[in-house]
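# Summary of structural features
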Amino acid sequence: MKKIIIMGLMAMAAMTTTAQKFALIDMDYILKNIPAYERANEQLNQVSKKWQAEVEALNTEASTMYKNYQNEVVFLSQEQKKKRQDDILAKEKEASELKRKYFGPEGELFKKRESLMSPIQEEIYNAVKDISELRGYSLILDRANDSGIIFGSPKIDISNEVLEKLGYGR
């Protein structure tokens, strides 16, 4: 029985002594140093501003319609009031639908971001994977997006190596 316990302890000790290699990357740093990412971000900002202006124009139009209605309500028949109220609600609904179309969870901005950013993210992932396989890393963590990392030695940060692998080395 003692022999089995000792062998079990030795096996556990052998398993724990195999060193696992870890590395860190700073995804924010990497992305800031990739010109295609900056261009994609600028393109997203421009299209977002354009679409936001369209939505705001419809909201302003609905607001103007409502103010005009408020000023003229005493002069309108019940039929005219109902028509104006329906027109105002239709304009507000149009603005809301346009906003959802552009900025909703599956909206145009999401699709545009996905189409612009996915190739960049895929390229980064492949570079990190290649480096991991080459160096034998068991785990690579993103220090920029992981609040659980309190400290990481700069010695294990491979962000510059990832940038070099992507062709953006210094």
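Predicted, not measured: the structure shown is a model, and the values here were computed from it.

## Description of the packing of aromatic side chains
- Considering all chains together, one arrives at two aromatic pairs under this definition.
- A centroid spacing of 4.5 Å and a plane angle of 5° characterise the contact between Trp51 and Tyr102, whose relative ring orientation is stacked. One end of the pair, Trp51, is in helix 3 (residues 35–72); the other, Tyr102, is in helix 4 (residues 78–103), and 51 residues separate them in sequence. Residue Trp51 shares its accessibility class with Tyr102, and that shared class is buried.
- Between the aromatic rings of Tyr102 and Phe103, the centroid separation amounts to 6.3 Å while the plane-to-plane angle is 80°, which identifies the pairing as edge-to-face.
- Members of the aromatic cluster, connected to one another through ring pairs, are Trp51, Tyr102 and Phe103.
- Taking NZ or CZ as reference, Lys21 lies 5.3 Å from the ring centre of Tyr137, over its face.

## Things to note about the pattern of salt bridges
- Enumeration according to the criterion identifies nine salt bridges in this entry.
- With a closest N to O distance of 3.9 Å, Glu97 and Lys93 form a salt bridge. Linking Glu97 with Lys93, this pair stays in helix 4, spanning four residues, or about one helical turn.
- A salt bridge links Lys165 to Asp130; the nearest nitrogen and oxygen atoms lie 3.8 Å apart.

## Section: the environment of Leu139
- Position of Leu139 among the secondary structure elements: in strand 2 (residues 137–142).
- Of the residues examined, Leu139 reaches a relative accessible area of 37% and is grouped as partly exposed.
- In the structure, Leu139 is positioned 119 residues away from Gln20 in sequence and 8.2 Å away in space, judged by C-alpha atoms.

## As for a nonpolar patch on the surface
- On the surface, Phe22, Leu139 and Leu141 cluster together to form a nonpolar patch covering roughly 240 Å² of accessible area.
- With respect to the helices and strands, Leu141 occurs in strand 2.

## With respect to the packing of helix 3 against helix 5 (residues 108–135)
- Running from N to C, helix 3 and helix 5 point in directions that differ by 175°, and their axes come no closer than 10 Å. Relative to helix 5, the element helix 3 is oriented roughly antiparallel. Of the residues in helix 5, those in contact with Ala36, Tyr37, Ala40, Asn41, Gln43, Leu44, Val47, Ser48 and Trp51 of helix 3 are Glu108, Leu109, Lys112, Arg113, Leu116, Met117 and Ile120.

## Describing the nonpolar core
- Ile30, Ile34, Ile120, Ile124, Ile158 and Val162 are the most contacted members of the largest nonpolar core, which totals 27 residues.
- Residue assignment for this core shows that the elements contributing at least two residues are strand 1 (21–25), helix 2 (27–32), helix 3, helix 4, helix 5 and helix 6 (159–166).
- When near neighbours in sequence (up to four residues on either side) are disregarded, Ile124 contacts Met27, Ile30, Leu31, Ile34, Val162 and Leu166.

Analysis parameters
- Residues numbered from 1 in each chain as written.
- Predicted model: local features only at pLDDT ≥ 70, side-chain atom pairs only at ≥ 80, totals over all residues.
- Heavy atoms only, no water.
- Phe/Tyr/Trp six-rings, centres within 6.5 Å; stacked < 30°, edge-to-face > 60°.
- Helix = DSSP H or I, 4+ residues; strand = E, 2+ residues; numbered from the N terminus.
- Buried < 20%, exposed > 50% of the residue type's maximum accessible area, 1.4 Å probe, protein only.
- Lys NZ or Arg CZ within 6 Å of the ring centre and 35° of its normal.
- Salt bridge = Lys/Arg side-chain N within 4 Å of Asp/Glu carboxyl O.
- Patch = residues over 30% accessible without salt bridge, like charges linked within 9 Å, V, L, I, M, F, W, Y side chains within 5 Å.
- Areas by Shrake-Rupley, 256 points an atom, 1.4 Å probe, with all protein chains shown as cover.
- Axes fitted to C-alpha atoms, helices over the stretch in contact; angles between N-to-C directions.
- Parallel < 35°, antiparallel > 145°, perpendicular 65-115°, else oblique.
- Contact = heavy atoms within 4.5 Å.
- Core = buried A, V, L, I, M, F, W, Y, C linked by side-chain atoms within 4.5 Å.

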